[in-house]
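Read off the chains here:
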Amino acid sequence: MGGFDLGFLSVHTGDFQDQPGQNFTVARIRKEVLDRSYVGAIFTSREGGGSNRVAGIDGNLVLKEHLTVSGLLSGSSDSDVSSKQWARQIGARWKDDFLEAGFNYLDIDPEFDPGVGFVRRRDRLIGTEWSFKPRPASKKIRQLVITPALIYFHNDEGVLRTRRAELQFVTSFESGDRIFFDFENRAERLFRPFRIDPSVTLPGGLYQWNAGGVSFRSFIGRKISGSVGVDIGDFYDGTKHSLDLAADFRPNENIHLSPSSVSYTHLTLPTNREV
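Below or above, wherever it landed, is the structure these notes cover. The written sequence of each chain sets the order in which its residues are numbered from 1. This being a predicted model, a pLDDT of at least 70 is required before a residue's local features are given, and a value of 80 or more before pairs of side-chain atoms are given or counted; all residues contribute to the totals for chains, interfaces and linings. Note that the side-chain values use all heavy atoms of the structure and ignore hydrogens as well as water.

### Side note on the layout of surface pockets
Under the convention used in this document: Buriedness for pockets is judged along seven lines, at least five of which must meet protein on both sides within 12 Å for an open set on the 1 Å grid over protein atoms alone, while cavities are sets there where a 1.4 Å probe fits but cannot get out, and lining residues have an atom within 4 Å of a point. Grid points are joined across faces, edges and corners, and a volume is the space filled by probe spheres set on the points. Each helix corresponds to a stretch of at least 4 residues labelled H or I by DSSP, and each strand to a stretch of at least 2 residues labelled E; elements are numbered beginning at the N terminus.
Space inside the largest pocket adds up to approximately 420 Å³. Surrounding the largest pocket, 20 residues form its lining, Leu72, Ser74, Ala87, Phe112 and Pro114 being those nearest its centre. Breaking the lining of the largest pocket down by element, the ones donating at least two residues are strand 3 (37-47), strand 4 (51-63), strand 5 (67-78) and strand 7 (99-108). If you tally residues by element for the lining of the largest pocket, the top one is strand 4, at four residues.

What follows is the structure, given as structure tokens:
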């Protein structure tokens, strides 16, 4: 409408047992700018048994041909929280045929609560990923992709919660087949005991481990194709081995079937109890 994308939805639920009815309202406006970019705003409201409101602005700007910058700022107010809580994000990505590079920062206050929606985790996130994609002078290899990545989560007090350092090598062949090699160093802090299985509970603390894997994916354009992958390494303070198999069948260009897939994971923890 007038160059703007507009959206509005309001839903009222009825009473159910001891749960009173509630009203959910969402309003969204977005405007395209600079050809492939946009800026927008959103408002949500949840009323009934208390009130929750969220308002935010966001944007995605394509600057030149290969550079994209994005960001958001959102605040929530809730009848059960005395202060306003915020979520902030800014990121940038460069993408061309040889290089992809990205950086992202996300900061969510401990009590930020979108009453119409959800938050995966209320942490501070810093992440970066680079992909180098040379095309060697080879009749068999189409492209190599080397991707180091690092993601770091900490809470509002600066205490590490999660860290993942990854390195992936991908070889794409002219046939359409691909081979993947993955290496990971991971840290995870458990702030309380974690019951990973009815018979196994991991004590709280900081865990660090390494793991690696290799997988092969055949060209999906063939009548019969598939993939196989193996992962081996540590898992918290134990070990992990996994195997993944999948098959695809394409009788013609309009039908693609995935009739079967199998995933097997074997964990051994230091209690000598296996999962």
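Here the narrative resumes.
### Describing the side chain of Arg217
This is how it is decided: Each residue gets one of three labels from its accessible area relative to the maximum for its type: buried under 20%, exposed over 50%, partly exposed in between, using a 1.4 Å probe on protein chains only. Under this definition, polar contacts are N or O atom pairs within 3.5 Å; protein pairs additionally need one hydrogen-donor-capable and one acceptor-capable atom, and for neighbouring residues in sequence, both atoms have to be side-chain atoms. Throughout, a residue-residue contact means that at least one pair of heavy atoms, one from each residue, lies within 4.5 Å.
Tracing the chain through its elements places Arg217 in strand 14 (residues 205-217). Judged by its relative accessible area of 19%, Arg217 falls in the buried class. Within the structure, the side chain of Arg217 is placed 2.7 Å from the side chain of Asp248, a separation counted as a polar contact. Among residues more than four places away in sequence, those in contact with Arg217 are Gly176, Asp177, Arg178, Phe180, Ser225, Gly226, Ser227 and Asp248.

### Considerations on the nonpolar core
Definition in use: Take the buried residues of types Ala, Val, Leu, Ile, Met, Phe, Trp, Tyr and Cys, join any two whose side-chain atoms come within 4.5 Å, and each joined set is a nonpolar core.
Of all hydrophobic cores here, the largest spans nine residues; its members are Leu190, Val200, Leu202, Tyr207, Trp209, Phe235, Tyr236, Leu267 and Leu269. Contributions of two or more residues to this core are made by strand 13 (200-202) and strand 14. The next biggest cluster of nonpolar side chains, apart from the first, holds five residues, and it includes Val54, Ile108, Phe112 and Val119.

### Section: the packing of aromatic side chains
Heads up, the rule is: Any pair of Phe, Tyr and Trp rings, taking the six-membered ring for Trp, is counted once the centres come within 6.5 Å. Such a pair is stacked with planes under 30 degrees apart, edge-to-face with planes over 60 apart, and tilted for the rest.
For the coordinates displayed, the defined rule picks out seven aromatic pairs. On the numbers, 6.0 Å between centres and 55° between planes, the contact of Trp209 with Phe235 is tilted. Of this pair, Trp209 sits in strand 14 while Phe235 is found in strand 15 (residues 224-235), placing the two residues 26 residues apart along the sequence. The burial state of Trp209 is the same as that of Phe235; both residues are buried.

### Re the pattern of salt bridges
Applicable threshold: Salt bridges, as used here, are contacts in which a Lys or Arg side-chain nitrogen is within 4 Å of a carboxyl oxygen on Asp or Glu.
This structure, assessed with the given rule, holds 17 salt bridges. In this structure, the salt-bridge partner of Glu47 is Arg53, at a minimum N-O distance of 2.7 Å. The closest approach of N and O atoms between Arg88 and Asp109, which form a salt bridge, is 3.4 Å. Taken together, the residues Arg88 in strand 6 (residues 85-95) and Asp109 in the loop between strand 7 and strand 8 (124-132) connect sequence positions 21 residues apart.

### Regarding unusual backbone geometry
Residue Leu34 is not a glycine yet carries a positive backbone phi of 50°. Along the chain, the position of Leu34 falls in the loop between strand 2 (23-33) and strand 3. The phi dihedral of Asp35 falls on the positive side, at around 75°, and the residue is not glycine.

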